[in-house]
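Residues per chain are reported as follows:
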Amino acid sequence: MEFSEHIKTANVEDVVLRRPFYQPTKGTLCVTGHHLIFSNRGGDSARPFLLLLRNIDAIEKSVENLPSVSSGTITLKCKDLCVLQLDIPGMEECLNIASSIESLSSLETVSEMYPFFYRPPFLSLQDQWGLSSTEQHYAQMKEIHDGWRVSQVNRDYSVSPSYPPAVIVPHSIDDETLVKAARFRQGGRFPVLCYYHRETGTVIMRSSQPLSGANRKRCREDELLLQAVIDGSELGYIIDTRSSQQAQQARMTGGGFESKSCYRGWKRLHRQLEKGKVLQESLIKLVEACGDQSHSVDRWLSKLENSKWLSHVQTALSTAGLVAECVERDGHSVLVHGSEGTDTSLLVSSLAQLILDPDSRTLAGFLGLLEREWVQAGHPFQQRCAHSAYSHVRLRHEAPVFVLLLDCVWQLARQFPLAMGFSEPLLLRLAKEVYASDYGTFLCNSDQERCVTGVKERTHCLFQSLLRANERQHYSNPLYERTELAIWPSIQPPSLQWTCAFSPIQWPFDMC
Amino acid sequence: MMEHIRTPKVENVRLIDRTVSRKATVGTLYLSATHTIFVENNPETRKETWVLHSLVASVERPPTTPSGSHLVIRTKNFQVLELLVPQERDATDIHASLARLSRPEKYSELYCLSINPTANKEEREESWSFLDLQADYRRMGVPNNLWVGTPANSEYRVCDTYPSELFVPKSATPPVIVGSSKFRSRGRFPVLTYFHQDTLASICRCSQPLSGFSARSQEDEQMMQAIMKANPGSEYIYVVDTRPKLNAMANRAAGKGYENEDHYTNIKLQFIGIENIHVMRNSQQKIIDIKTPSMGDFLWGLESSGWLKHIKAVLDAGVFIAKAVAEEGVSVVVHCSDGWDRTAQACSLASVLLDPYYRTMKGLMLLIERDWVSFGHKFSHRYNHLDGDPKEVSPVIDQFVECVWQLSEQFPCAFEFNERFLIQLRRHVYSCQYGNFLGNSQKERRDMRLRERTYSLWPQLWKDRAQYVNPLYRADHTQTQGMLRPNTTPYCFKMWKGMYNRLEKSAPPRHSPADLLTAVREETQQLEQELTNHQEVAPRGTAHSGTKQGIQTPKSKMKRPGRPAPSTGDGSVDSPPHDYRSTQRGPPDPAMTLPLGPPKGSDPDDLSSACSDIESGVIDLSSRSSSGGDDCKDPESDEAIYCPAWSGTRGPDTGRLPC
């Protein structure tokens, strides 16, 4: 296999592994194409320790080369925020191992990644990949069949490269109109349905920004599409996840917003959610604060504040609350978008659904929600999760939007300990899997890419695996009791708690 | 006290609920000798809100508005009651009355002494024998051949702030005791507070030595030597000075200070750095005042209050002592300045960490009775029982209680009691409904003959223990055994929302997993009982079918084990959503503001005031009205005591607090 050219030293004996909550152990270290394998020579029942190379975010090495001692130490900082240390006898071995890890952990060819080689006995590649398709999801929602239809307009991904082949749109809007509306939206992401609220008959839609540009271009078809959404009712809300200033500025680069005069009946509200670099830096600062060794409460609180992470949590929950309030309390439909419509829009729409929809709060329902709103909806996981909080690599498209979602969900679950069918370990597991996984679920940036690279045929689906009987039990909330009611989160700062999940010495997952 | 009540009854008063859509309920306000009572006019609910005078921290009168005069009552439980009184004159009267009623000048005005407390002599006496401190010393193996009781302080001759019964090393002779006490601030010489049977190491407490820059006392040095010798095999002792080293050094100029390591053989001096009572008082005030509209302000406020830093310092002191005793097997002598504030905190926390018994309900009661009450923590001064010197006031025991809470968050299975127990305990330290915490020393309490004139709190708490049980408590869990080793990394300390933000009304009272578990467990016990009954009753031949029925009948109940009406399943029900609209950054564009929902004020501080409202207990239970009359049984609702006549004289023995 071509990985071998990266491996100069495959095995080293007498390596000492140090990791949080465990005694240092001596054993054999082995580098393979995808893993570091550490096996304890003592051979006591302990299974070998397996680390996906993909999980390694940063590597630090120090060597000592004296006539008497020749050894080295490698510190591995993982994307799941764990920090491990390997003491390796022999300077050369140490350098070889380090260089193997460096090159193997940064391989970016999707089809060479571990999910394409992972073949657990309990799953079959013949199984359906994913939990549900748009069509299946639609078929289950009988109540929307009158007003809404499944459109295959994107079946060859030509209308929107980041959308799935099938989307749900108003019945009265034909595919031709959709194609034209898509041209007026960034990345072709025209407004599509993500949630239908039975009691009020109102909906949550999402899209990308309209390309009105500096000349205030209009698009009749896009207007028609939105008109059809609120057909019959007098009002709908557009929740723009940018500040109004940002939205104004976006016009200079060809983007823009829905002007009041063109979209009758739609009211626009701006809530600025951070994304991209700002969010990534926030996570980096938060993790740094958690690892602070000074043991000073003042410093911790000051760094926590400085990271702004909890402010992002607060804004996300508050915006989602606003969306849910419009739908449930006021009975008005909502369209959510920011600019690309692949990050904060998904964050807000999925949190709003968790607040409103009891079906999305079950274990299967939540995973289904993630599949629809993140995987199928085209959140660019590969770009966003290329690196985590330790990497020194220059940031490109990294942003922990999905991790922010998980934190928000954790806050919801904390405030409503009985309302969620899943437990904290599930959220921690997802936070780990999204960065490095045995499964193909979070590979690639869109449905189209997953098809092209054969992810759906040649890898296993994480969500399927999490729903197997014994896993399901592990990730279920034993206190769960379904409530049909909306769960309105408190967004008061004291109600939002910092979680030690961001600490480098977080509890290992099996101890949670 | 009745003479201070100018207007006993005012009609058409509005109780303003700041959080639930700023709605107000109209009702009648009554002033009794002990409570402020608001009775809603709504004939269907007639909800009553009771606030004990002794729990009133302040009464403010904002400027009169056309609609009437506002009165804002803040309680020592961090609750706020806002009233709108139509007539200015009434408001003035109530304000004046409350100002006086909430600041008693004599002990006899206090609740426990003013409300016909001696009604039932037998029961009263029994209440005071509920806890036996000496039995707890025996439980830890004292007296023994190392530690003996000393009569030195009988009649409080040597130290009037110490208890009369004390334990000292066997080798400490009366001259050594007396000599040592003369060399210690306020005569508080080193005495035993906890003995660790496994390691034979002990925790002793005292006040600072009167060492100044050079003074020494042979007897005091002998005393320390005796303490070391009382731990066979140990070669030194720790002297933990819980103060910051600078403070300790400053005290030397006043002829006080700390032990000179050259004079005392084999001591290791350790400073911990817990700040003094003035710093703590200001810090708590800051945490109460935190405005919480934005996360940044909140965290900044939390940081600048320093509160969590102080909590960590107190816990650090406890951890240091516990580790020395359990891990090193070294005895520790703890002091601060007078040895009744920081020393009490550090010693009692160390006991909680060391000994699982103090993590039970009764154990914690005993611990407070020993390290706080008997050793002369100045309750009446610190908690402002009588109108006195505000500089003496400080939330010292609050910090201990909070440290226990922080521990219970880290070790959810290790404590027999829940958060409610801690909150209730703290409340009674301030409320003076029972005689336990009156006065500043055992001697003062004896002189006041409190045991003849008041009831003790402990049996009452014990009687209500069902609501204070932590369902996760597992006496046999590894976590519960032996010493607790808490993680004291800063991020492990949280703001105690249950204590300081009980007010956040808009977050509806939510069902906690613990409450659910308690209910499930009660249900299970009941079922098992029924099963047993069935088995006993049923004749052998039909036992089988009988049992079956026994299981099936209650099963229907099991679906919703002891929980309120379905709609309050998780408490999310009747509460309105949060005001998600008002948190946007920057000035809101008026054109983009939703014209829906209840009108809200233009004051950007709205949210903060909104959340500074009162916990369900004090006001408006109507937002949970779907659960019916059960609301008044909410154990959190300290003040919401339903009682037909508030002039009554029902003693604590009735199970409800007298009104």
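All values reported here derive from a predicted model rather than from experimental measurement.

**Student:** It is not clear to me how the overall build of chain A should be interpreted in this structure. Could you clarify?
**Tutor:** In terms of helices and strands, chain A carries 17 helices and 14 strands. In chain A, which comprises 512 residues, the share counted as buried stands at 62%. Of all intrachain contacts in chain A linking residues separated by at least 6 positions in sequence, the fraction that spans at least 24 positions is 70%. By element, 50% of the accessible surface of chain A is carried by carbon and sulfur atoms, the whole surface being about 19800 Å². If you average the places of the 52 positive and of the 58 negative side-chain charges in chain A, the two averages end up 5 Å apart.

**Student:** Sorry if this is basic, but what is going on with the overall build of chain B here?
**Tutor:** Broken down by element type, chain B carries 22 helices and 14 strands. Out of the 659 residues in chain B, the part that is buried amounts to 57%. A sequence separation of at least 24 residues applies to 70% of the contacts in chain B between residues at least 6 apart. Summed over all atoms, the accessible surface of chain B reaches about 26400 Å², with 51% contributed by carbon and sulfur.

**Student:** Honestly, the UniProt feature "binding site: substrate" (unreviewed entry) in chain B in this entry has me stumped. Any pointers?
**Tutor:** Residue and element names in this part refer to chain B. Mapped onto this structure's residue numbering, the UniProt feature "binding site: substrate" (unreviewed entry) falls at N276, I277, C336, S337, D338, G339, W340, D341 and R342. A maximum C-alpha distance of 12.3 Å is found for the annotated residues, which run over 67 residues; spatially they form one tight group. Topologically, N276 is positioned in the loop between β13 (267-271) and α8 (277-289). Taking the relative accessible area as the measure of exposure, N276 reaches 24% and is therefore partly exposed. Positionally, R342 belongs in helix α11 (residues 342-354). Among the residues examined, R342 registers a relative accessible area of 11% and is labelled buried. Non-local contacts of R342, meaning those with residues more than four positions away in its chain, are made with T242, R243, P244, I274, E275, N276, C336 and S337.

**Student:** Hey, could you run me through the confidence of the model for chain A in this one?
**Tutor:** Interpretation of the predicted coordinates at a detailed level should be avoided for regions scoring low in pLDDT. Mean pLDDT for chain A: 89, with 96% of residues reaching 70 or above. In the model of chain A, strand β5 (residues 56-65) of chain A stands out as the element of lowest mean pLDDT, 87, in contrast to helix α9 (residues 344-356) of chain A, which has the highest, 96.

**Student:** Just checking my understanding: could you explain the nonpolar core for this structure?
**Tutor:** Nonpolar side chains tend to gather and get buried jointly when the protein is soluble and globular. Ranked by size, the top nonpolar core spans 228 residues in total, and within it L351 and L430 of chain A together with F400 of chain B carry the most contacts. Structurally, this core is a two-domain feature, drawing no fewer than three residues from each of domain 1 (4-106) and domain 2 (134-500) of chain A. Counting 25 residues, the second largest nonpolar core, distinct from the first, contains F49, I56, I59 and L104 of chain A.

**Student:** Any chance you could explain unusual backbone geometry here in plain terms?
**Tutor:** Leave glycine aside and you will find that most residues have negative phi; peptide bonds, for their part, are mostly trans. For the bond from V142 of chain B to P143 of chain B, the omega torsion is 0 degrees, close enough to zero to count as cis. Even without being glycine, L81 of chain A reaches a positive phi, approximately 80 degrees. Position of L81 of chain A relative to the elements: it lies in the loop between β6 (70-78) and β7 (83-89). A relative accessible area of 7% places L81 of chain A in the buried class. Unusually for a residue other than glycine, L200 of chain B sits at a positive phi of about 65 degrees. Judged by relative accessible area, which is 30%, L200 of chain B ranks as partly exposed.

**Student:** Looking at this structure, I do not really get the UniProt feature "active site" (unreviewed entry) in chain B. What am I missing?
**Tutor:** Residue and element names in this part refer to chain B. Per the UniProt annotation, the sites labelled "active site" (unreviewed entry) are C336. Inspection of the secondary structure puts C336 in the loop between β14 (332-335) and α11. Once residues within four sequence positions are removed from consideration, C336 is found in contact with C206, S207, Q208, D241, T242, R243, D341, R342 and T343.

**Student:** Just to check I follow, could you spell out helix α9 (residues 295-305) of chain B for this structure?
**Tutor:** Structurally, the α-helix is built with 3.6 residues per turn, so residues lying three or four positions apart point the same way. Of the positions making up α9 of chain B, those classed as buried are M295, F298, L299, G301, L302 and S305 of chain B. Mapping the buried residues of α9 of chain B onto a view down its axis gives an arc of 160 degrees, with all of them on the same face. Buried residues in α9 of chain B make contact with α7 (297-307) and α8 (309-328) of chain A together with α8 and α10 (307-328) of chain B. A positive backbone phi angle near 75 degrees is found at G306 of chain B, which sits one or two residues after α9 of chain B.

**Student:** What is the right way to look at the packing of aromatic side chains in this model?
**Tutor:** Two numbers describe a pair of aromatic rings. These are the distance of the centres and the angle of the planes. In the structure shown here, the tally under the stated rule is 31 aromatic pairs over all chains. Ring centres of W300 of chain A and W498 of chain A lie 6.0 Å apart, and the angle between their planes is 80 degrees; this geometry places the pair in the edge-to-face category. Note that W300 of chain A is positioned in helix α7 and W498 of chain A in the segment after α17 (469-475), a separation of 198 residues in sequence. In this structure, W300 of chain A and W498 of chain A share a single accessibility class: buried. Ring plane angle 15 degrees and centroid distance 4.2 Å describe the contact between F366 of chain A and F422 of chain A, whose orientation is recorded as stacked. Residue F366 of chain A is found in helix α10 (residues 363-376), and its partner F422 of chain A is found in the loop between α12 (401-415) and α13 (424-433); the two are separated by 56 residues along the sequence. As far as burial versus exposure is concerned, F366 of chain A and F422 of chain A are alike and both buried. Following the ring pairs from residue to residue traces out a cluster consisting of W374, F381, F402, F442 and F463 of chain A. Over the face of the ring belonging to Y236 of chain B we find K268 of chain B, whose NZ or CZ atom lies 4.0 Å from the ring centre.

**Student:** Quick question: what am I supposed to make of the packing of helix α5 (residues 174-182) of chain B against helix α6 (residues 218-229) of chain B here?
**Tutor:** In a pair of packed helices, the angle between the axes and the distance between the axes together describe the arrangement. Residues and elements named next belong to chain B. At a closest axis distance of 7 Å, the pairing of α5 and α6 adopts a crossing angle of 115 degrees. The two elements α5 and α6 meet at a crossing, and its hand is left-handed. Residues P175, V176, I177, G179 and S180 of α5 lie in contact with α6, whose contacting residues are E219, D220, Q222 and M223. Among the residues forming the contact of α5 with α6, the class breakdown is four nonpolar, three polar and two charged.

**Student:** Sorry, what's going on with the environment of H171 of chain A here?
**Tutor:** All names here are of chain A. With respect to the secondary-structure elements, H171 resides in the loop between β9 (167-170) and α3 (175-183). A relative accessible area of 42% places H171 in the partly exposed class. The sequence separation of H171 and C461 amounts to 290 residues, and the corresponding C-alpha distance is 32 Å. Each residue touching H171, except ones within four places of it in the same chain, is listed here: H145, D146, G147, W148 and R149.

**Student:** Before we go on, may I ask you to explain the sheet that holds strand β1 (residues 11-18) of chain A in this structure?
**Tutor:** All names here are of chain A. Spatial strand order, β4-β3-β2-β1-β7-β6-β5: seven strands in an open sheet with antiparallel pairing. The open sheet has two edge strands with one neighbour each: β4 (49-52) and β5. Each adjacent strand pair in this sheet contributes to an overall mean axis angle of 30 degrees, direction not counted. Here β5 runs beside β6; their pairing, made up of nine bridges, is antiparallel. Bridged to V63 within β6 is G72. Along the sheet, helix α1 (residues 91-105) contacts β1, β2 (25-31), β3 (35-40), β5, β6 and β7; its crossing angle with β5, the most-contacted strand, is approximately 165 degrees.

**Student:** Help me understand the domain arrangement of chain A in this model?
**Tutor:** You'll often see interface size given as the accessible area lost when the parts meet. All names here are of chain A. Domain boundaries assigned for chain A yield domain 1 (4-106) and domain 2 (134-500). The C-alpha-based centres of domain 1 and domain 2 are spaced at 38 Å. For domain 1, the biggest contributors to the area lost against domain 2 are D57, K79 and L81; these three give 46% of the whole. Counting across the interface, domain 1 meets domain 2 through one salt bridge. A salt bridge links D80 to K432; the nearest nitrogen and oxygen atoms lie 2.7 Å apart. Along the contact surface separating domain 1 from domain 2 lie nine residue pairs in polar contact (both at pLDDT 80 or more). Within the residue set of the side of domain 1 that touches domain 2, elements represented by two or more residues are β5 and β6.

**Student:** Can you walk me through the pattern of salt bridges in this structure?
**Tutor:** Opposite charge on two side chains makes pairing possible when the charged atoms of those side chains draw close. Under the counting rule described, the total for this entry stands at 60 salt bridges over all chains. The partner of R185 of chain A in a salt bridge is D222 of chain A, and the shortest N-O contact between them spans 2.7 Å. Of the two residues, R185 of chain A is situated in the loop between α3 and β10 (192-197) and D222 of chain A in helix α4 (residues 220-229); the sequence distance between them amounts to 37 residues. Considered together, R185 of chain A and D222 of chain A belong to a single accessibility category, that of buried residues. Note that E392 of chain B is salt-bridged to K378 of chain B, the shortest N-O span being 3.0 Å. Taken as a pair, E392 of chain B in the loop between α13 (379-382) and α14 (396-410) and K378 of chain B in the loop between α12 (361-374) and α13 lie far apart in primary sequence, 14 residues in all. A residue is classified by how much of its surface remains accessible, and E392 of chain B, at 23% relative accessible area, is partly exposed.

**Student:** Sorry if this is basic, but what is going on with the sheet that holds strand β13 (residues 266-270) of chain A here?
**Tutor:** Where strands meet in a sheet, backbone hydrogen bonds hold them as pairs that are either parallel or antiparallel. Residue and element names in this part refer to chain A. Pairing is mixed across the open sheet formed by five strands, whose spatial order is β10-β11-β14-β12-β13. Each end of this open sheet is capped by a strand with a single partner; those strands are β10 and β13. Each adjacent strand pair in this sheet contributes to an overall mean axis angle of 20 degrees, direction not counted. Of the pairings in the sheet, the one linking β10 to strand β11 (residues 202-206) comprises five bridges and is antiparallel in character. Across the sheet, H197 pairs through a bridge with T202, a residue of β11.

About the thresholds
- Residues numbered from 1 in each chain as written.
- Chains lettered and ligands numbered in written order.
- Predicted model: local features only at pLDDT ≥ 70, side-chain atom pairs only at ≥ 80, totals over all residues.
- Heavy atoms only, no water.
- Helix = DSSP H or I, 4+ residues; strand = E, 2+ residues; numbered from the N terminus.
- Buried < 20%, exposed > 50% of the residue type's maximum accessible area, 1.4 Å probe, protein only.
- Contact = heavy atoms within 4.5 Å.
- Areas by Shrake-Rupley, 256 points an atom, 1.4 Å probe, with all protein chains shown as cover.
- Lys, Arg positive; Asp, Glu negative; His and termini not counted.
- Charge placed at Lys NZ, Arg CZ, Asp CG, Glu CD.
- UniProt positions renumbered as here; feature names shortened; annotations may be inferred.
- pLDDT = per-residue confidence, 0-100.
- Core = buried A, V, L, I, M, F, W, Y, C linked by side-chain atoms within 4.5 Å.
- Domains from an automatic or database assignment.
- Arc of directions from axis to C-beta.
- Phe/Tyr/Trp six-rings, centres within 6.5 Å; stacked < 30°, edge-to-face > 60°.
- Lys NZ or Arg CZ within 6 Å of the ring centre and 35° of its normal.
- Axes fitted to C-alpha atoms, helices over the stretch in contact; angles between N-to-C directions.
- Left-handed = near helix turned anticlockwise from the far one by under 90°.
- Nonpolar A, V, L, I, M, F, W, Y, C, P; charged D, E, K, R; others polar.
- Pairing = 2+ DSSP bridges.
- Buried area = accessible area lost by both parts, 1.4 Å probe.
- Salt bridge = Lys/Arg side-chain N within 4 Å of Asp/Glu carboxyl O.
- Polar contact = N/O pair within 3.5 Å; in protein donor to acceptor, adjacent residues only side chain to side chain.

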